[in-house]
Amino acid sequence: MYKGVLVDKGLLESDPHFAQGCSFCHKGNEESQNKEAAHKGLMKRPSDDLETCAGCHEEIAASYKNSLHYTSAGQRHGVMGRFSEGELRIFDVKIFEKSCRSCHASCGDCHVKSPAIGGVSTGLLKGHRFVKKDEGKTCALCHGGRVYPEFTGEYGGVPDVHYQKGMACADCHSKGEFHGVGGPYTSRRDVKGRPACIGCHPAGQEKSKKAKTAHTMHAGKASCTSCHSSGNYRNCYNCHEGKGATSKPGFILGRNPRNKDIVTTLRLVPTVRGTFEEMGIKMENFDRLPNYWDAYPHNIKKRTERTRSCTLCHSERKGFLTKEDLIKDGSKANEELLVVPKSLTK
Amino acid sequence: MKNRANAKRIIIRMFYAVLVLLFLGPLSGLARDIAPVVSGEWLEKNLSAPGLVIVDIRKVESYKAGHVPGSLSAFYGSWVAKKNNNTNELLEPDDLFDLLSSLGITPTSKVVIVGSVASAPEQCFRTRVAWTLIYGGVKNVALLDGGMEKWLKDKRQVATDFSKAKESEYEGQLEKGINLSKEQILAGLGKAVVVDTRPPDFFFGVAKVPNVAKPGHLKTAVCLPSPWLLDGEGMMKKTEELAAMAAGVVGPDHAKEIMSYCNTGVFASGWWYVLREVLGYRNVKLHDGSMEELARDPNAPIVKYTWK
């Protein structure tokens, strides 16, 4: 029998979460012998209402209420810069609350049961045991389009060196990124203490002279991923254009839209000019933001084709975004990301 | 006089050495310090044996859920590289040596590979890792028979910690001769025994995987599928049966040059390992680019709807 639906009987007696019976969280009427009556008011996902968990985990629930995992505010933040004030009001009512917000994660999606993707869940993590973390069955599903398959190498590339060493999401990403930082915020960049390569690999500790020289020469000019991303990562095209979004593997280098002095890996985001047209939003400020954004591909390797060969960037210019590569009818801001790497001098 | 006596002694010793080689030649693959396939019972008794390194090549999540005590996690994907549009190419030597160093493996280590036998590709991930280790200069490589599934079924010890190796600086000698380039395997057609290790549908050309451009097999290749190596329980078939299968398809001559290929260099390692390490065929090589690389070449002679 498929175990994803079975509650471990032994847990019911040993785990304090079950001390007050199933109905304490799931509601319904456990006294009734009639199915309809027993299921009346049943909550399939009790932690959708954070008060269910707040009784014992008050501080975490209060913080989580404002986290991006719960509010989905990051999705609004990512696109709102393209809207006029009036358009943002339409977006909030017609799209954000009805569509984006439906995707929030409840406590149980990470600690009890795999989250449902497209309405399908693989079920309980460990017979309804409340687990601290199980990234491969939780994070991996919601972030299974881009991040996790890149991390494990299942997106056609090679696994991230950190995965090879046995690391998983929570080994780098802090509790604040999962549970929030207390008050409301709108972007993952607002969380302090986010993982950074130099946190574990500070400059100056390189074993080889070649690495030391390369790091010194590129400091402040190129991100770590520019050289250490091992290859293709997922880029998304044409979301909501009436045809459905498509994804393609790619590797794109260009200026970081948040700091144009730095070259980094860019990922194409799926919002195109016509994405919200059907909802009456033309995106008056569409050209204010580019379609390519700084990406942190989770496919890091110590050695890549770019660490092995300077000419790949500085002579062949392989991977660098060019005017010809830009998506059709894209944002005018895209052109600001183009960069031509310097030729090698002797 | 003394010199002549010495020369005579040397000649006699050489004569005996040649005799030994002639008799033991077919068993040269067995001249190792560990059996090529070890049982769970053997491994459980030898968990702490000096020089033994147990490498678990399953996904990290599976390793964390339960593994052979003391085994080290080195996911299959760590052992191959995607290069030149080929899925399972050999790692660059420096990357391979880094990996071996991180696992504390030395050329004299005895390495037992633990994997899953749930599917035919997973069965051969184990032999592909074995081939890579041997290419890297590690001679004593073994497979855990029946994989982790059998180990769990037999209710043997399971750990959920994350074992870390004492890292070392690996310094081995690459055995480059066991890896074939596209040009080498094409040059071998009609001379060497070229073995297509995919299931018959692929060999015959009625099935094809998306990343292989054309259906069919290399002209003159013979069909010897790697999924036939294991029984229904994921256990390696008896040596006599494997030997009969091999002799029936590639012939009994253990000195004959044999070249294996498949779709992407995974199944090819199944029979490579059994022919060389279990049955003692001495001159067995593998093309890691396999049909993924070969079928892109318009000059590669690929035929279908024929067994020849």
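These numbers were taken from a predicted model, which means no experiment stands behind them.

Criteria and thresholds
- Residues numbered from 1 in each chain as written.
- Chains lettered and ligands numbered in written order.
- Predicted model: local features only at pLDDT ≥ 70, side-chain atom pairs only at ≥ 80, totals over all residues.
- Heavy atoms only, no water.
- Helix = DSSP H or I, 4+ residues; strand = E, 2+ residues; numbered from the N terminus.
- Contact = heavy atoms within 4.5 Å.
- Areas by Shrake-Rupley, 256 points an atom, 1.4 Å probe, with all protein chains shown as cover.
- Lys, Arg positive; Asp, Glu negative; His and termini not counted.
- Charge placed at Lys NZ, Arg CZ, Asp CG, Glu CD.
- Rg over C-alpha atoms; globule rule 2.2 N^0.38 Å.
- Buried < 20%, exposed > 50% of the residue type's maximum accessible area, 1.4 Å probe, protein only.
- Pairing = 2+ DSSP bridges.
- Phe/Tyr/Trp six-rings, centres within 6.5 Å; stacked < 30°, edge-to-face > 60°.
- Lys NZ or Arg CZ within 6 Å of the ring centre and 35° of its normal.
- Patch = residues over 30% accessible without salt bridge, like charges linked within 9 Å, V, L, I, M, F, W, Y side chains within 5 Å.
- Salt bridge = Lys/Arg side-chain N within 4 Å of Asp/Glu carboxyl O.
- Buried area = accessible area lost by both parts, 1.4 Å probe.
- Polar contact = N/O pair within 3.5 Å; in protein donor to acceptor, adjacent residues only side chain to side chain.
- Nonpolar A, V, L, I, M, F, W, Y, C, P; charged D, E, K, R; others polar.
- pLDDT = per-residue confidence, 0-100.
- Core = buried A, V, L, I, M, F, W, Y, C linked by side-chain atoms within 4.5 Å.
- Domains from an automatic or database assignment.
- Axes fitted to C-alpha atoms, helices over the stretch in contact; angles between N-to-C directions.
- Left-handed = near helix turned anticlockwise from the far one by under 90°.

Draft legend 1. A look at the overall build of chain A. A tally of helices and strands in chain A yields 19 helices and 5 strands. Taken over the C-alpha atoms alone, chain A extends approximately 85 × 55 × 40 Å along its principal axes. Excluding contacts between residues fewer than 6 apart, the proportion of contacts in chain A whose partners are at least 24 apart in sequence is 63%. Just so you have it, chain A exposes about 20,700 Å², and 56% of that area is on carbon and sulfur atoms. Across chain A, the 54 positively charged side chains and the 39 negatively charged ones have centroids separated by 7 Å.

Draft legend 2. Fine view of the overall build of chain B. Helices and strands together make up the secondary structure of chain B, namely 11 helices and 13 strands. The C-alpha radius of gyration of chain B comes to 20 Å, within 12% of the 19 Å expected for a compact globule of 308 residues. With respect to the principal axes defined by its C-alpha atoms, chain B has extents near 65 × 60 × 40 Å. Residues counted as buried form 52% of the 308 residues belonging to chain B. When contacts within chain B are restricted to residue pairs at least 6 apart in sequence, long-range pairs at least 24 apart make up 77% of them. About 14,200 Å² of surface is accessible on chain B, with carbon and sulfur atoms providing 57% of the total.

Draft legend 3. Expanded view of the sheet that holds strand S2 (residues 52-56) of chain B. Residues and elements named next belong to chain B. Pairing is parallel across the open sheet formed by 5 strands, whose spatial order is S1-S7-S6-S2-S3. Edge strands, defined here as strands with exactly one partner in the open sheet, are strand S1 (37-38) and strand S3 (72-73). Of the strand pairs in this sheet, S2 and strand S6 (residues 110-114) are connected by 5 bridges, and their pairing is parallel. For Val53, the partnering residue across the bridge sits in S6 and is Val111.

Draft legend 4. Layout of the packing of aromatic side chains. For the structure on display, the rule yields 17 aromatic pairs over all chains. Here Phe83 of chain A and Phe91 of chain A contribute two aromatic rings whose centre-to-centre distance is 5.0 Å and whose plane-to-plane angle is 40 degrees, an arrangement assigned as tilted. Take Phe83 of chain A: its relative accessible area is 6%, and that puts it in the buried class. Looking at Phe91 of chain A, the relative accessible area reads 1%, which means it is buried. A cation over an aromatic ring shows up here: Arg101 of chain A above the ring of Tyr70 of chain A, its NZ or CZ 6.0 Å from the ring centre. The ring of Trp151 of chain B carries Arg156 of chain B above its face, with NZ or CZ at 6.0 Å from the centroid.

Draft legend 5. Examining a positive patch on the surface more closely. Among the surface-exposed residues, Lys132, Lys133 and Lys175 of chain A together with Lys64 of chain B lie close enough to one another that they form a single positively charged patch. Looking at the element boundaries, Lys132 of chain A is found in the loop between helix H9 (107-111) and helix H10 (139-142).

Draft legend 6. Looking closely at the interface of chain A and chain B. The interface of chain A with chain B comprises 17 residues on the first partner and 18 residues on the second. For the pair chain A and chain B, the summed buried area comes to about 1,300 Å², and 42% of that belongs to carbon and sulfur atoms. In this structure, the connection of chain A to chain B is made through 7 salt bridges. With a closest N to O distance of 3.1 Å, Asp98 of chain B and Arg303 of chain A form a salt bridge. Counting across the chain A and chain B interface gives 11 residue pairs in polar contact (both at pLDDT 80 or more). For the side of chain A that touches chain B, the secondary structure elements donating two or more residues are helix H11 (147-152) and helix H12 (161-164) of chain A. Within the side of chain A that touches chain B, the residues separate by chemical class into 6 nonpolar, 5 polar and 6 charged.

Draft legend 7. Inspection of the pairing of S2 of chain B at higher detail. Residue and element names in this part refer to chain B. The element S2 is extensively covered by neighbouring structure, given that 5 of its 5 residues are classed as buried. Burial along S2 is two-sided: the residues Leu52, Ile54 and Asp56 and Val53 and Val55 are all buried. In the sheet, S2 pairs with S3 via 2 bridges, with the strands oriented parallel. Directly across from Asp56, in S3, lies its bridge partner Ser73.

Draft legend 8. Examining the confidence of the model for chain B more closely. Per-residue pLDDT for chain B averages 92, and the proportion of residues at 70 or more is 90%. Counting interchain partners and residues more than four positions distant, the pLDDT-below-50 stretch residues 15-29 of chain B has 12 contacts.

Draft legend 9. Fine view of the side chain of Ser116 of chain B. Residues and elements named next belong to chain B. Looking at the secondary structure, you find Ser116 in the loop between S6 and helix H5 (120-135). Judged by its relative accessible area of 10%, Ser116 is buried. Among the polar contacts listed, one links the side chain of Ser116 to the backbone nitrogen of Ala118, at a separation of 3.1 Å. A polar contact is formed between the side chain of Ser116 and the side chain of Glu149, at a distance of 2.5 Å. With residues near it in sequence (within four places) discarded, Ser116 still touches Arg58, Glu122, Gln123, Arg126 and Glu149.

Draft legend 10. Spatial organisation of unusual backbone geometry. Residues and elements named next belong to chain A. With a phi close to 60 degrees, Met283 is a non-glycine residue in the positive phi region. Examined against the element boundaries, Met283 turns out to sit in the loop between strand S4 (259-268) and strand S5 (292-294). You will see that Asp329, though not glycine, has its phi angle at about 55 degrees, which is positive. When its relative accessible area of 55% is taken as the criterion, Asp329 is described as exposed.

Draft legend 11. Structural detail: the nonpolar core. Residues and elements named next belong to chain B. Formed by 57 residues in total, the largest nonpolar core has its most connected members in Trp79, Ile105, Leu133 and Trp271. Element by element, the count of residues in this core is highest for helix H10 (residues 267-278), at 8 residues. Per-domain counts for this core show at least three residues from each of domain 1 (29-175) and domain 2 (177-303). Sequence-distant contacts of Ile105, defined by excluding residues within four places in its chain, comprise Val53, Val55, Leu100, Val111, Leu133, Val138, Ser168 and Tyr170.

Draft legend 12. Quick look at the packing of helix H7 (residues 73-80) of chain A against helix H8 (residues 85-96) of chain A. Residue and element names in this part refer to chain A. Direction vectors running N to C along H7 and H8 enclose 145 degrees, while the axes themselves pass 12 Å from each other. Helix-helix and strand crossings are classified by hand; for H7 and H8 the assignment is right-handed. From H7, Ala73, Arg76, Val79 and Met80 reach across to H8, where they touch Leu88, Phe91, Asp92 and Phe96. Residues that form the contact of H7 with H8 fall into these classes: 6 nonpolar, no polar and 2 charged.

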